[in-house]
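The chain contents come next:
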Amino acid sequence: MKRIIVGQIMHESSSLSRTPTLESNFRQTLIWFEGKNVFDLSTIGMRDFLTGIMEKGQELQLDISPCFCTFASPSGKISAKCFDTLKQKFFSNIDESVPIDGFCLALHGAGVSEADPDVEGNLLEEIRHRYGSNLPIIVTLDPHANITSKMIQNADLLLPSKLYPHTDTYETGQKASCLMQQILTGDINPVMKVKKLPLLIPLNKGCTEEFPMEEVLKKCLECENTPGVLYCSFAQGFPYSDIEECGASVVVITDGDTELAETLSQQLADWIFQRRKDFISDGLTVQQGVDKAQELINKGAKLIVMNEISDNPGAGTPGDGTYLLRELLNRNLPGTCAGVLIDPETAALASKAGAGSYISLKLGGKTDEYHGKPIELENVYVKSICDGKYNLLSPMTHGQPVNYGTTVRLQKGNIDIIVGSQGFQTMDDGVFTLLGIDVRQYNIVAVKSAQHFKAYFKHLADHIISVDPPGISSGNLHQLPLKHIKHPIYPLDETEM
Ligand SMILES: [Zn+2]
């Protein structure tokens, strides 16, 4: 049996965030598994890149040898000390498994450390250095990967998954194992071409079920159906990492045909770049968004989900943005709930006061100057308190443990507000249910997310309204303090391919 090392270090880093990512941030997500314990991910029923790799690999009779798996919710740069610890854990568990025949890894592609702006490139370079250039290395990536030259140099195949919301991560993991098995048997001889585009795509234009990304996805699938092509995907990139090599890329993998890979990747990159204006953000202001919601409710709409693009903890924001919540409190529309606002101070205050008490507080807006000022409130009712833990209900990374820490439900006027202690994007209504809220009984549900919430809420909501007040994951890239991205790049500059 061929021994394949599998592992995961997964972090989407926002260089715009003031909150450094520490070892404790990785551990508190409850995704921290070493050696054989990584198989526990399958036991808890998690469907993600790594379980796809492991389960398919075992089915294909590969000797799957896990080294380390961890994930932290997107946040600021990974501290140098933390990155060092993650690498130590990763490599110490590999050394026990030597000799080995290849690597199938689940990495993000937009990891940034204080020690190196290219986390994945750094890790892959060290793997090559330690284990030689003959071992095949296949890496699944998040579609928000900023694919760097170091990543291309040090991996045989990079497989960004295709869908946003990311509901195909398990299948992408399975694909990685299939390709590995075919490489080891000599059935295929893959060649990869990555074509970088001078293009930044804001998160709110990335949904692959909507224009224009739906068209891009169709093109990728067409390309993948060309005889001789093994894989084709479009990595949208993650502008908020703010590293030199930020930007979108086309990946085409063929079976031994370098020219075909070159031609198809160039054609697809050109086709996408010609449509660059379609990726310009079009989020509403909070006032426009709430006006629209009110109008739809007056016309009889039932459940409206409002998402805040610019304060999306899934893109490394603090989650304590107050712009939308302030507007909702001012309007006081019946049947409104909002969550999850991350404010550990408030969660602790409410928890200490206890359910059934009234408190005065300053809510949110405490982390930086980008996300609005704290909201001062008096006579806020503490309705319920919980530990903030559940497993994702969403079809995206279904089963993943979620840990908001101490989480409370507050009530002020007609508004229910959920306040958590640890950042995590609102992906489904699990946390609402923990605190006694059935979102189906509400008119407006406000969430902090750009796209991922749609995987779950699209089946519940009559309408989705996206608002984009100031914040570090705003779709309005011109307004962000981006410093390190290489210019020229669209839409920051008018440029050609
Ligand atoms: Zn992503």
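Residues numbered from 1 in each chain as written. Predicted model: local features only at pLDDT ≥ 70, side-chain atom pairs only at ≥ 80, totals over all residues. Heavy atoms only, no water.

- Per an unreviewed UniProt entry, the protein carries the name Microcystinase C and comes from Claveliimonas bilis.

Comments concerning the coordination of the zinc ion
Now for step 1: Within the protein, the atoms that donate to the zinc ion are Asp142 (OD), Asp142 (OD), His144 (ND1) and His166 (NE2), at distances of 2.1 to 2.8 Å.
Now for step 2: Around the zinc ion sit 4 donor atoms; with metal-centred angles ranging over 51 to 142 degrees, the donor geometry is irregular.
Now for step 3: Looking at Asp142, the relative accessible area reads 7%, which means it is buried. (Donors = N, O, S within 2.8 Å, 3.2 Å for Na, K, Ca; no water. Tetrahedral: all angles 85-135°; square planar, octahedral: opposite > 155°, others 65-115°. Buried < 20%, exposed > 50% of the residue type's maximum accessible area, 1.4 Å probe, protein only.)

Side note on the UniProt feature "domain: Microcystin LR degradation protein MlrC C-terminal" (unreviewed entry) in the protein
Now for step 1: The UniProt record annotates "domain: Microcystin LR degradation protein MlrC C-terminal" (unreviewed entry) at residues 308–484.
Now for step 2: Secondary structure content for residues 308–484 is 16% helix and 30% strand, and the end C-alpha separation is 26 Å. (UniProt positions renumbered as here; feature names shortened; annotations may be inferred. Helix = DSSP H or I, 4+ residues; strand = E, 2+ residues; numbered from the N terminus.)

A closer look at the packing of helix α10 (residues 286–298) against helix α11 (residues 323–331)
Now for step 1: In the contact formed by α10 and α11, the axes pass within 10 Å of each other and the chain directions differ by 45 degrees. By the angle between their directions, the pair α10 and α11 is classed as oblique. Between α10 and α11 the crossing geometry is right-handed. Touching Val286, Gln287, Val290, Asp291 and Gln294 of α10 are Tyr323, Leu324, Glu327, Leu328 and Arg331, all from α11.
Now for step 2: Of the residues in the contact of α10 with α11, the class split is 5 nonpolar, 2 polar and 3 charged. (Axes fitted to C-alpha atoms, helices over the stretch in contact; angles between N-to-C directions. Parallel < 35°, antiparallel > 145°, perpendicular 65-115°, else oblique. Left-handed = near helix turned anticlockwise from the far one by under 90°. Contact = heavy atoms within 4.5 Å. Nonpolar A, V, L, I, M, F, W, Y, C, P; charged D, E, K, R; others polar.)

Description of the domain arrangement of the protein
Often the size quoted for an interface is simply the accessible area lost on bringing the parts together.
Now for step 1: Considered domain by domain, the protein is made up of domain 1 (3–279) and domain 2 (286–474).
Now for step 2: The C-alpha-based centres of domain 1 and domain 2 are spaced at 31 Å.
Now for step 3: Taken together, the contact between domain 1 and domain 2 spans 33 residues of the former and 30 residues of the latter.
Now for step 4: Residues Glu209 and Lys458 are paired through a salt bridge, measuring 2.9 Å at the closest nitrogen-oxygen approach.
Now for step 5: The tally of links from domain 1 across to domain 2 stands at 10 residue pairs in polar contact (both at pLDDT 80 or more).
Now for step 6: Here the residues of the side of domain 1 that touches domain 2 sort into 13 nonpolar, 13 polar and 7 charged. (Domains from an automatic or database assignment. Salt bridge = Lys/Arg side-chain N within 4 Å of Asp/Glu carboxyl O. Polar contact = N/O pair within 3.5 Å; in protein donor to acceptor, adjacent residues only side chain to side chain.)

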